[in-house]
Amino acid sequence: MDRLTLRAAFAAVLFSLALTACGGGSSTSAGTAPISSGGDSTVTVTGVATPNTVSVVTAKNAN
Amino acid sequence: MTHSFIRPSRLVLALAAAMPGIVAAAPTTSAYATDAQSSHVEDATSQGIAQVNMITCFVTGMRPDAMVNKGNYVALVDKKKCDPNARSDSGNSSSDNAGSSTPAYMSSIVNSTRTSNTAPMQVKTWVDESEKGFAATIFINTVATEAPSATNPYGIFRLDYCGKGSASGCLMNGYLDGSATGISYFETESGDGTNTTALRLTTAGADSGSGALQMSQSGQQVAYTFGYNDSYFRRFDGTSDQCFSRLADDPDTGMSVWRYGLYDASTGDRVTRQSGFPIEYAAPDGKTYNGQIGYYGLWLPSEASGQITNGATVQRVQYVPDHEPTKTPYSLVKADGRLMKYTKKTRTLAAADQIKFNVFVFDVSGFFDGAVGNRQYEMYWDDAAGAFKVSGTMECGNNGCQTQDIAGGEKTVQAAFFATQGGVRGWSQSLGGEVFIPLAGVTGAVDSSSVNVIYRVQDLVYPAQMPASLYCLRECPTAATLASYFAPGSADASPFVASTYNRWQPAGADGVVSYTTDSSSALLRDGANAAVVFTDSSALQSRPQYQSGIRTGRLFTALADAQCSGSISQYCDQKVDELEVYYQWETGPNQWNQFAAVKNAAGAVVAFDAPLQVSYSVPTGAKYGQYAGKSIVLQYGGFGELWGIPGSCVSRLTNEHVSCDTQDSRYVPAFVIPFDDVLGRVTDGGTAYLAKWLDREIRFARKDTSVCSAAGVSLSSALTLPNASGLQNPSDPASAIYIGEKPVVTDSPRVIDGDVKY
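Calculation criteria
- Residues numbered from 1 in each chain as written.
- Chains lettered and ligands numbered in written order.
- Predicted model: local features only at pLDDT ≥ 70, side-chain atom pairs only at ≥ 80, totals over all residues.
- Helix = DSSP H or I, 4+ residues; strand = E, 2+ residues; numbered from the N terminus.
- Buried ≥ 20, exposed ≤ 12 C-beta atoms within 10 Å, placed from the backbone.
- Rg over C-alpha atoms; globule rule 2.2 N^0.38 Å.
- Contact = placed C-beta atoms within 7 Å.
- Core = buried A, V, L, I, M, F, W, Y, C linked by C-beta atoms within 7 Å.
- Pairing = 2+ DSSP bridges.
- Axes fitted to C-alpha atoms, helices over the stretch in contact; angles between N-to-C directions.
- Domains from an automatic or database assignment.
- pLDDT = per-residue confidence, 0-100.
- Expected span 1.5 Å × (residues − 1).

Novice: Give a detailed account of the overall build of chain A, specifying residues and quantitative values.
Specialist: Secondary structure assignment for chain A yields one helix and two strands. For chain A, with 63 residues in total, the buried portion stands at 48%.

Novice: Go over the overall build of chain B, please, and point to the residues and values.
Specialist: On a plain count of helices and strands, chain B comes out with ten helices and 46 strands. What you see for chain B is a C-alpha radius of gyration of 27 Å, in line with the 27 Å of a compact globule of 758 residues. For chain B, the proportion of its 758 residues judged to be buried stands at 46%. Looking at chain B alone, contacts between residues at least 24 apart form 62% of all its contacts between residues at least 6 apart.

Novice: So, the nonpolar core: which residues are in play, and what are the values?
Specialist: Residues and elements named next belong to chain B. Within the largest apolar cluster, 122 residues are counted, with the highest numbers of intra-cluster contacts made by Phe58, Leu555 and Tyr583. Looking at this core element by element, the count peaks at six residues for helix H4 (residues 50-61). In this view, Tyr583 contacts Leu339, Met340, Lys341, Tyr342, Val461, Leu470 and Leu555; residues no more than four positions away in its chain are not counted. Counting 56 residues, the second largest nonpolar core, distinct from the first, contains Ala352, Ala415, Tyr636 and Val682.

Novice: Kindly report on the pairing of strand S12 (residues 220-228) of chain B, identifying the contributing residues and their values.
Specialist: All names here are of chain B. As paired strands, strand S11 (residues 209-217) and S12 are joined by nine bridges and run antiparallel to one another. Opposite Gly209, over in S12, you have Tyr228 as the bridge partner. Once S11 ends, the chain turns through two residues before running back antiparallel as S12, passing Ser218 with a positive phi of about 50°. Pairing of S12 with strand S13 (residues 232-236), which is carried by four bridges, proceeds in the antiparallel orientation. Residue pairing for S13: Tyr228 is matched across the bridge by Phe233. Between S12 and S13, which pair antiparallel and follow one another directly, the connecting turn spans three residues.

Novice: How would you summarise the sheet that holds strand S18 (residues 297-299) of chain B if you had to cite specific residues and measurements?
Specialist: Residues and elements named next belong to chain B. What the six strands build is an open sheet, ordered S18-S17-S16-S19-S20-S36; its pairing is antiparallel. Strand pairing shows two members of the sheet lacking a second neighbour, S18 and strand S36 (595-599), which therefore form its edges. For this sheet the average axis-to-axis angle between neighbouring strands, irrespective of direction, equals 40°.

Novice: I'd like a rundown of the environment of B:Phe608, residues and numbers included.
Specialist: Residues and elements named next belong to chain B. As for its placement among the helices and strands, Phe608 is situated in the loop between S36 and strand S37 (612-617). Placed 332 residues apart in sequence, Phe608 and Gly276 show a C-alpha to C-alpha distance of 6.1 Å. Other than its neighbours up to four places away in sequence, Phe608 contacts Gln274, Ser275, Gly276, Gly294 and Tyr295.

Novice: Pulling in residues and values, what's your account of the domain arrangement of chain B?
Specialist: Structurally, chain B comprises domain 1 (35-229 + 713-756), domain 2 (262-272 + 611-706), domain 3 (277-322), domain 4 (340-443) and domain 5 (464-593). In this structure, domain 1 of chain B and domain 5 of chain B have C-alpha centres spaced 46 Å apart.

Novice: Which residues make up the confidence of the model for chain A, and what values go with them?
Specialist: Residue and element names in this part refer to chain A. Overall, the prediction assigns chain A a mean pLDDT of 54, with 33% of residues at 70 or greater. Here helix H1 (residues 3-15) is the element of chain A with the lowest mean pLDDT, 38, and strand S2 (residues 41-42) is the one with the highest, 62. Across residues 1-40, confidence stays below pLDDT 50; counting only partners more than four residues off in sequence or on other chains, it has 134 contacts.

Novice: I'd like a rundown of the pairing of strand S29 (residues 452-460) of chain B, residues and numbers included.
Specialist: Residue and element names in this part refer to chain B. Pairing of strand S21 (residues 337-348) with S29 involves nine bridges; the strand directions are antiparallel. Note that in S29 the partner of Lys344 across the bridge is Arg456. The pairing of strand S28 (residues 433-438) with S29 spans two bridges and is classified as antiparallel. In the sheet register, Phe436 faces S29, and the bridge partner there is Ile454.

Novice: Quick one: what's the story with H4(B), residue by residue and with numbers?
Specialist: Helical geometry note: an α-helix holds 3.6 residues per turn, so side chains three or four residues apart project in the same direction. Residue and element names in this part refer to chain B. If you check H4, its first and last C-alpha atoms are 16 Å apart, about what twelve residues at 1.5 Å a residue would give, namely 16 Å. Within H4, eleven of the twelve residues are buried, which leaves the element mostly enclosed by the surrounding structure. Here H4 has its buried residues at Gln51, Val52, Asn53, Met54, Ile55, Thr56, Cys57, Phe58, Val59, Thr60 and Gly61. Count one or two residues on from H4 and you reach Arg63, which has phi positive near 55°.

Novice: Tell me about the confidence of the model for chain B, residues and numbers included.
Specialist: Residue and element names in this part refer to chain B. Of all residues in chain B, 93% have pLDDT values of 70 or greater, and the mean over the chain is 88. Taken as a whole, residues 1-22 scores under 50 in pLDDT and shows 37 contacts with residues more than four places along the chain or in a different chain. Taken as a whole, residues 93-100 scores under 50 in pLDDT and shows 23 contacts with residues more than four places along the chain or in a different chain. For this predicted complex, the interface confidence reaches an ipTM of 0.74, while the overall pTM sits at 0.78.

Novice: Pulling in residues and values, what's your account of unusual backbone geometry?
Specialist: Residue and element names in this part refer to chain B. Although it is not a glycine, Gln354 sits at a positive phi angle of roughly 75°. Its place among the elements puts Gln354 in the loop between S21 and strand S22 (357-361). Backbone geometry at Ala522 places phi at a positive 60°, although glycine is not the residue there. Following the sequence through the fold, Ala522 ends up in the loop between strand S31 (513-518) and strand S32 (523-525). For Ala522, a count of 26 C-beta atoms within 10 Å puts it in the buried group.

Novice: So what about the environment of B:Gly392? Which residues, and what values?
Specialist: Residue and element names in this part refer to chain B. Position of Gly392 among the secondary structure elements: in strand S24 (residues 387-397). Considering only alpha carbons, one finds Gly392 and Lys411, 19 residues apart in sequence, at a separation of 9.2 Å. Excluding anything up to four places from it in sequence, Gly392 contacts Tyr377, Glu378, Thr403, Gln404, Asp405 and Ile406.

Shown next as structure tokens:
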């Protein structure tokens, strides 16, 4: 596969997921992922949620 | 991005007080009350950052926040749930989106680590991209220190990625950096020329921000500058200055929801459907692939789907909390077509007031002036006018079908127009699918309260349920007619037996096409005992109206059922339309055109739940448009999958309604089911459920540009956009953020669509 075709295919895969559906939104709830230990005491390390979608502006009174 | 919190509506509280026991709110600890909701603003600039938003969506769906310090794991995320372009493609304005519920998973290896609650969380991700002979891996390095919140909607994070094929270097390289002061985004695609996207947003709290977005795509330059204050958002693309209200409660603000949950009305528990289960397939190429088998058929990655055959062994993967999943062998039953059963339901024409449907009109004599024959039209019954209204026409091409508004406005068509055809045969998303309105013999005005609209519940037919023989009067293919029509240079008018194409007149016994079924192979066979299947996707593409597959006309089990009223030696297709049950066979290249199921060790085929069909009484009010106060039918295929809300097209640039064939149009659900114990209630017979929106887009209300000017909303003028100097490459061993080669993980997926399995 030549480079142009490869690039086009890559873009097509990402841009043209050719089915309908749903998704979008903002973020998952902050996860609480237990685990991790240090010495005799166990420490619970919590995960950090990341945004599901970013946009350049937010709405007011959305609730 | 905003988050909504639970609050009982005043109406619910009032009703609950007035009618104790009738409207009991779901418990505040229930999933209905606690499941998170999210909203985002959809704007013309969203198109420019769609690709990075897909990546952020994938990363979020892999749940690295919930899998911290648990080592490498496999995560599956349904591509469709992260593709805003596909879900709102204006081609979705065409009728049947039967394939929409088939999952198409993207598989990733993920490793999430964090040394302490004050340290950053680092997520290394290797996303497999494989489709139609193309294989690549997206290397993603994510560092996050603060989650999104009401005061900082982006959180604090940085995401660097590189899409890498077989060649060295990145085909796609980019980063997204979010903080309390805004976001920076830059991406480049290299190859024959370079495409770039650069975005910078600077914020000062929630009520002030400005930025710019520049895109260079295939030689075309698009540039936006934008700014906002506490009330208005202004955007300029070099020629057009647009002003919008930021207020979600502005009456002209548009909203659409892409995912709903459905909940038990009493307990507030999620309603689950046994619609499928995950599988593993050890393919002849020596690799083991993750997939899904369910009501909508089989899904496997493209490199595996070509290897699996009827009778292959797959392993069902069953998850047990905190334990390794169990695996059970099943045998695959696969056929290149499938039989669907349609069971009758009715409502009066008056009760179908304003509900749109699509109908194919072959002969437009007397339809309306300017109508074009042999075309599909969008229509509805207007009870106040006592006539049908034609609101659009379906235009089909290589990119699918789109609804185009009727030039000069809606047209009126009297019911009598359909008398010679026996009635209206159409398809309505809002009535659950196939629609027939018997109007044979109608000559003048009709009493809409005495005319029935027949619509259908559809079910997949499993092999053991297939009738031994079936008959067809109209649109009846054979293996030979399919092969002939799709042959290069064919002059055939249709893929059907010629005498059955567009046959509206009665047929004699010699005009009936007979079929048999083969339950051992789940196939429909024609009179020559040949399987009625056709799966050549390139040949189907050459006939755009059949690019998604071929569907027969109505099939029925007893020839006598179709005898015409006045002549028992003649057979009438409209008689079939009135039967309690009829069938249709479809065949095509897509997994959702084909039958796939599994047999257990005892040889029994596992039957999955069909979508739950529920009724929704749309509330009254202007925001519900022509559907206000009407009853529509919705389909629930599983959590997050509630569909059937009618849609319309809006402009990406202005957010206002446009015809779906307009450039830059998007197809969106026309209204939102409110999160409300009363107004958000749907029913299945005597059983009530509560719908709750989960993911919502907000489209700002357009205002005159003078409004933004008067409010002092200024555009950014001296902003430095990110550039390639900020790029890093997580796939490069020499990079400070190198995440390593993709690890080998043989365990079953631990996360599927954001759900942590074990």
